[in-house]
Every structure is written in structure tokens, then in C-alpha cells.
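Okay, here's what each chain looks like letter by letter:
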There are 2 protein chains.
Amino acid sequence: MLNNSNYIDKLRSSGLRPTKQRIKICEILFDTDKTFHFTINDLVKKISKTTNDKISLATVYNTVHAFKKKGYLKEIPINSDQSYFDTNTSHHHHFYDENQKDLIDIDDADVGPVKINTRIPGKKIKSVEVLVKVEDA
Amino acid sequence: MLNNSNYIDKLRSSGLRPTKQRIKICEILFDTDKTFHFTINDLVKKISKTTNDKISLATVYNTVHAFKKKGYLKEIPINSDQSYFDTNTSHHHHFYDENQKDLIDIDDADVGPVKINTRIPGKKIKSVEVLVKVEDA
DNA sequence: TTCTACATTATAATAGTTCTAAACTGTTGA
DNA sequence: TCAACAGTTTAGAACTATTATAATGTAGAA
């Protein structure tokens, strides 16, 4: 678990000013061993639960986007409606529970190697993501 | 290539009334050997290019959703902003060109078998989709 | 043809996200 | 230390994609 001064260093070293809003969001997102998935809405709720200071919605968006750009968060493509983010930035895959509308990590090691036997000329592969949709058995 | 009376049969047999708007949209979506990807916006533009009758936006949404529900279209999860649909409803995967914001089919046969070595208790796998993000080499 | 249920339409409403411009605050350097 | 600047936050407006609404229209059955 990191403490605030670690977050300050982390932010500063990535060229982001360590403001109290950003530090607070760091605490919520990264102050745990577990990684998790969230929407902006989830994050806003979590902020209002854990602090009395309100952080404006625009700041939450700005911060999440800044963190995504710096590689501290990953965005996960799920059927439209809203953006899901993942604090686990390592390469891995996902289950998506269509009944519970819930995302669950799949460790990279739990997915056999994915072979792509075709290429697009002039393009290089950036990532290969597997989304496994599940439903009640 | 199908003609209108085929579309009328197709619609009727799936319990959708063959209205002229639906037939027009069928022509645009299915009147070609090739399958393709589109957003609602793309489709609206294509409609206004190929006909003088205007089809209201609400009808386009309704029709696309009806077709999706009937299995004539697939929705593809790509980073948020808007929904992508695919006239290719067979099982297959996608390249997503991050520079051109373009989707390209990958034939199922061009992706080696994907092994998922973990399960969620009480859930069964509905689909396994691979999204390969590419960028300029 | 006439009736009825389903479709279409324009428009309003909603939800998620981004923009804007003013106020605020970390940081730098005198 | 403190002023000044550049980056940040903020509230609210604006924007975009999508869905809901309620009136009008139309396909198909009798």
C-alpha cells in the first residue's frame, strides 16, 4: 500500500501536478492490492462516500483521462453505454457477465496463446484482447 | 443479390412487417455480397445518399435494433463513443485500426483456437471474441 | 373497404461526456 | 518568502448518441 507521498512522487514523475483531487483519486484507485473495474459513475460514488470534499465531475473525467494517457488505467471496450476502466494495466483479458453486467479479469496465463494468421499490410499489432461473454448456466 | 420480394419474405418470416423503410434499410445493408461495418450515423448518411425519401432517425434506430434482435446484425464493442454494427453475423473477430478508426473482419479460421483455462462458477460461455488493435507500422 | 395493431415520425428527454471561462493553486525563481 | 505564471479545478453550459413520447400513418386481416 502506498501512502500519499508516494502518490505525490508518482504524479510528479509523470508530469502531473499533485493536487489534492488527484491524490484523493489515486488513493481510491490504487490504494489496494486488488485491481478493479469501474465506470466514471462508480468512481464518483466512491469519492463521495470516502470524502467530504466534493470533486467536480469534470475533474474526475480529466483525471481519469490523464491517468489513462499515462498508462495507469486501461479502458475496456464493452457494449457501448459507458466506458469501463481497469486499474490492472498488465496484459490480460476479461469475462463479461451479461446478466450481472459485470467485468471479471482473466489472467493472461489463463488464456492459451492467440494466433492471428493474417495481417494488415502497413499495420502492426498493438494488442490482442479477448472478451469472453458469459451468461447464467 | 436479393430483390425486394426476398426482403419482404425475410422480414415477414421473422415477424417484422415489411414497411418501405425496413425494405430500404435491408437493401442498403444486405444487398451486397460483402459484409460491412457501420455506425448508425454511417447508415443514415447512406440512406440519404441513395434515396430521396427521408427515414427518421428514430426509425433507423428501431430498425437496426430489430435486426440485431433477429440476428441479422451483430453489435461490436469498440472503445465507447458510438455503437458499431456488423452485417456479418457469423462467428468471427476484428482488427481495429486505431489510426483510421476502422474495423476489419478477421475470419474465424484466421484465429487459432482460443483456450480459456478458467471458468466462472454458475456461468456458461456465450462467446469468445478477439479484438486485435493495430496501428501504423 | 374498414378496422386494428403495429410502425413511423418529429420532437422532447435523457445520459454520458466534453467544453468553457473564471477562480484557484502548485511551483518556480527573485 | 512571496509574487507571478502556468497548470488545475470548478460549475454549468453544450454536445452527442440514444431512447421515449405521443400523434399520425399504414400493412394486413376480415
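No experiment lies behind these values; they were computed from the predicted model shown.

Visitor: Help me understand the protein's contact with DNA strand D, please; the structure alone is not making it clear to me.
Guide: The environment of DNA strand D is made up of 22 residues, and the closest members are Thr19(A), Gln21(A), Arg12(B), Tyr61(B) and His65(B). Taken together, the sugar and phosphate atoms account for 77% of what DNA strand D places within 4 Å of the protein. The separation between a phosphate oxygen of DNA strand D and a polar main-chain atom of Ser56(A) is 3.1 Å. Between a phosphate oxygen of DNA strand D and a side-chain N or O atom of Thr59(A), the distance comes to 2.8 Å. Mapped by element, the contributors of at least two residues to the surface near DNA strand D are helix 2 (20–30) and helix 4 (57–69) of chain A together with helix 4 (57–69) of chain B. Broken down by element, the residue count for the surface near DNA strand D peaks at 4 residues, all from helix 4 of chain B.

Visitor: Help me out: how do you make sense of helix 3 (residues 40–50) of chain B in this one?
Guide: Every α-helical turn comprises 3.6 residues, leaving residues that sit three or four positions apart pointing alike. Residue and element names in this part refer to chain B. Of all the residues in helix 3, the buried ones are Ile40, Leu43 and Ile47. Summarising the axial view, the buried residues of helix 3 lie within an arc of 60°, below the 170-degree limit, and thus occupy one face. Exposed positions of helix 3 whose direction lies more than 90 degrees from the buried face are Lys45, Ser48 and Lys49. Of the surrounding elements, those touching the buried residues of helix 3 are helix 2 (20–30), strand 1 (37–39), helix 4 and strand 3 (84–86).

Visitor: What exactly am I supposed to notice about the domain arrangement of chain A here?
Guide: Interface extent is often summarised as the accessible area lost during association of the parts. Residue and element names in this part refer to chain A. Taken domain by domain, chain A holds domain 1 (4–76) and domain 2 (91–134). Once you take the C-alpha centre of each, domain 1 and domain 2 turn out to be 25 Å apart. Facing the 4 residues of domain 1 at the interface are 6 residues of domain 2. Approximately 450 Å² of surface area, both sides summed, lies buried where domain 1 meets domain 2, with 55% of it carried by carbon and sulfur atoms. By the criterion of area lost to domain 2, the three top residues of domain 1 are His37, Lys74 and Ile76, representing 89% of everything that side buries.

Visitor: How should the pattern of salt bridges be read in this particular structure?
Guide: Pairs can form between side chains of opposite charge once their charged atoms are near each other. In the structure shown here, the tally under the stated rule is 12 salt bridges over all chains. Among the ionic pairs, Asp97(B) bridges to Lys123(A), the shortest N-O distance being 2.8 Å. With Asp97(B) in strand 4 (residues 92–97) and Lys123(A) in strand 6 (residues 123–136), this residue pair bridges two chains. For Asp97(B), a relative accessible area of 5% corresponds to the buried category. The salt bridge involving Glu129(A) is made with Lys133(B); its shortest N-O contact spans 3.5 Å. Placement of Glu129(A) in strand 6 and of Lys133(B) in strand 6 (residues 123–136) is noted, with the two residues assigned to different chains. Take Lys133(B): its relative accessible area is 7%, and that puts it in the buried class.

Visitor: Is there a simple way to think about empty space enclosed by the protein in this case?
Guide: Evaluation of the coordinates by the stated rule reveals 1 cavity of 30 Å³ or more. The volume enclosed by the largest cavity comes to roughly 250 Å³. Taken together, the elements giving at least two residues each to the lining of the largest cavity come down to strand 2 (74–76), strand 4 (93–97) and strand 6 of chain A together with strand 2 (74–76), strand 4 and strand 6 of chain B.

Visitor: Just to check I follow, could you spell out the protein's contact with DNA strand C for this structure?
Guide: In the vicinity of DNA strand C lie 21 residues, with Tyr61(A), His65(A), Thr19(B), Gln21(B) and Thr59(B) positioned nearest. Taking all atoms of DNA strand C within 4 Å of the protein, the share assigned to sugar and phosphate is 75%. Between DNA strand C and Arg22(B) there is a distance of 3.4 Å, counted from a sugar or linking oxygen to a side-chain nitrogen or oxygen. Contacts to DNA strand C include Ser56(B), whose backbone N or O atom sits 3.0 Å from a phosphate oxygen. Counting only elements with at least two residues in the surface near DNA strand C, the list comes to helix 4 of chain A together with helix 2 and helix 4 of chain B. With 4 residues, helix 4 of chain A is the largest single contributor of residues to the surface near DNA strand C. Its residues assigned to classes, the surface near DNA strand C shows 7 nonpolar, 8 polar and 6 charged.

Reading the values: the criteria
- Residues numbered from 1 in each chain as written.
- Chains lettered and ligands numbered in written order.
- Predicted model: local features only at pLDDT ≥ 70, side-chain atom pairs only at ≥ 80, totals over all residues.
- Heavy atoms only, no water.
- Near = heavy atom within 4 Å.
- Polar contact = N/O pair within 3.5 Å; in protein donor to acceptor, adjacent residues only side chain to side chain.
- Helix = DSSP H or I, 4+ residues; strand = E, 2+ residues; numbered from the N terminus.
- Buried < 20%, exposed > 50% of the residue type's maximum accessible area, 1.4 Å probe, protein only.
- Arc of directions from axis to C-beta.
- Contact = heavy atoms within 4.5 Å.
- Domains from an automatic or database assignment.
- Buried area = accessible area lost by both parts, 1.4 Å probe.
- Salt bridge = Lys/Arg side-chain N within 4 Å of Asp/Glu carboxyl O.
- 1 Å grid on protein atoms, 1.4 Å probe; cavity = no way out; pocket = protein on both sides within 12 Å on 5 of 7 lines; lining within 4 Å.
- Points joined across faces, edges and corners; volume = space filled by probe spheres on them.
- Nonpolar A, V, L, I, M, F, W, Y, C, P; charged D, E, K, R; others polar.

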